[in-house]
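# Structural description and commentary
Each chain, written out:
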Amino acid sequence: MREQYLQQFLEETGSYNGLVGNFFPAALWSPLPHFVQTWLRIYIVSLVTYFLLCSLWCFYFYHWKKDIYLLKVGPIAYTIHVIVHITLAEFWLYWTHRAFHDVKPLYKHFHFVHHRYNNKTSLSPFAGAASHPVEAVLDALPYTIFLFFVPMHFKTELALLSLNGIWTFHSHGCLETKMWPILTADYHTVHHIMHRYNYGNYTFMMDWLFGTLRHPNSLIEEAKSE
Ligand SMILES: [Zn+2]
Ligand SMILES: [Zn+2]
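Residues numbered from 1 in each chain as written. Chains lettered and ligands numbered in written order. Predicted model: local features only at pLDDT ≥ 70, side-chain atom pairs only at ≥ 80, totals over all residues.

### Structural notes on the overall build of the protein chain
Looking only at helices and strands, one finds 12 helices and 0 strands in the protein chain. Seen in sequence order, the protein chain has helices and strands lined up from the N terminus as α-α-α-α-α-α-α-α-α-α-α-α. Its C-alpha atoms give the protein chain principal-axis dimensions of about 60 × 55 × 30 Å. Looking at the protein chain as a whole, 19% of its 226 residues are labelled buried. Summarising the internal contacts of the protein chain: among those between residues at least 6 apart in sequence, 52% fall at separations of at least 24. (Helix = DSSP H or I, 4+ residues; strand = E, 2+ residues; numbered from the N terminus. Buried ≥ 20, exposed ≤ 12 C-beta atoms within 10 Å, placed from the backbone. Contact = placed C-beta atoms within 7 Å.)

Below you can see the structure in the form of structure tokens.
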């Protein structure tokens, strides 16, 4: 039964990989091991989806609506816009992430894909890229949807989108890098181990506000006292 399932799994993922493999010369693509082809397929499709969606949004906001979004704002207004925009995104990311845990069907059908990597031996920056497409779109959405309410400079918007990608890789790296009030990798490791804490993205402000903050050191102290 297990063998049969494995065979079915390989065939299905092999056919998906082939769709991306068609864009490479066969002599380059075919010798690659199955797991490398799978990783490349997911990586390339995610990048294309991400940049396609973001480019469409940018086209809409900065080309069609440029009369609104190329305002000449001073440094104070600019700083306020960036802070409000990031705070709104943090609020969105906190509550969508929390809903993915609290609403069981959402966890089972979408977020579980990401939580397959739940301990220090399976967590790595690659785990950051492992998420269901629905979740990936929901995670990218605040950076674009809040442009309706808070204008942002084009380059700042691009920087935020890129930083979010880098941040996702960092936060799954199991590093010990505590830096108040940043929700660094060790806080996210706690999230992967315990599920009920540290749902935030860049900072732990939302976790602190809504009572789900757990300091990484508390796990070590707990382990010592047992
Ligand atoms: Zn989670
Ligand atoms: Zn994670």
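### Notes on the UniProt feature "domain: Fatty acid hydroxylase" (unreviewed entry) in the protein chain
With numbering aligned to this structure, UniProt lists the feature "domain: Fatty acid hydroxylase" (unreviewed entry) at residues 83-212. In residues 83-212, helix accounts for 59% and strand for 0%; the two terminal C-alpha atoms are 22 Å from one another. (UniProt positions renumbered as here; feature names shortened; annotations may be inferred.)

### Examining unusual backbone geometry
The omega angle of the peptide bond from Trp180 to Pro181 is -5°, so this bond is cis rather than trans. Inspection of the secondary structure puts Pro181 in the loop between α9 (154-171) and α10 (185-194). At Asn198, a residue that is not glycine, the phi angle is positive and equals roughly 55°. Looking at Asn198, the number of C-beta atoms within 10 Å reads 26, which means it is buried.

### Remarks on the UniProt feature "transmembrane region" (unreviewed entry) in the protein chain
According to UniProt, the positions carrying the feature "transmembrane region" (unreviewed entry) are residues 42-64 and 76-95. The span residues 42-64 is 100% helical and 0% strand by assignment, and the distance between its end C-alpha atoms comes to 32 Å. Taken end to end, residues 76-95 is 100% helix and 0% strand, and its first and last C-alpha atoms sit 29 Å apart.

### So, helix α8 (residues 133-145)
Along its 13 residues, α8 runs 18 Å from first to last C-alpha, staying within 8% of the 18 Å computed at 1.5 Å per residue. Asp139 marks the point of greatest bend in α8, at about 25°, and the proline Pro142 comes within the next four residues. (Expected span 1.5 Å × (residues − 1). Bend = angle between axes of the 7 residues up to and from the residue.)

### Looking at the environment of Ala136
Position of Ala136 relative to the elements: it lies in helix α8. Residues Ala136 and Leu53, 83 residues apart in the sequence, show an inter-C-alpha distance of 11 Å. Not counting residues up to four positions away in its chain, the partners in contact with Ala136 are Ser46 and Ser131.

### Thoughts on the packing of helix α1 (residues 2-21) against helix α3 (residues 34-64)
At a closest axis distance of 9 Å, the pairing of α1 and α3 adopts a crossing angle of 55°. Taken together, the axes of α1 and α3 lie oblique to each other. Crossing handedness for the pair α1 and α3: left-handed. Contacts between α1 and α3 pair Leu10, Thr13, Gly14, Tyr16, Asn17, Val20 and Gly21 from the former with His34, Gln37, Thr38, Leu40, Arg41, Ile44 and Val45 from the latter. (Axes fitted to C-alpha atoms, helices over the stretch in contact; angles between N-to-C directions. Parallel < 35°, antiparallel > 145°, perpendicular 65-115°, else oblique. Left-handed = near helix turned anticlockwise from the far one by under 90°.)

### Focus: the environment of Phe149
Topologically, Phe149 is positioned in the loop between α8 and α9. On the neighbour-count criterion, Phe149 (9 C-beta atoms within 10 Å) is exposed. As for Phe149 and Phe24, which are separated by 125 residues in sequence, their C-alpha atoms are 42 Å apart.

### Here we look at the packing of helix α5 (residues 75-102) against α8
At a minimum axis separation of 8 Å, α5 and α8 run at an interaxial angle of 160°. Here α5 lies roughly antiparallel to α8, going by the angle between them. In the packing of α5 onto α8, the handedness of the crossing is right-handed. For the pair α5 and α8, the contacting residues are Leu88, Ala89, Trp92, Leu93, Thr96 and Phe100 in the first and Glu135, Leu138, Asp139, Pro142 and Tyr143 in the second.

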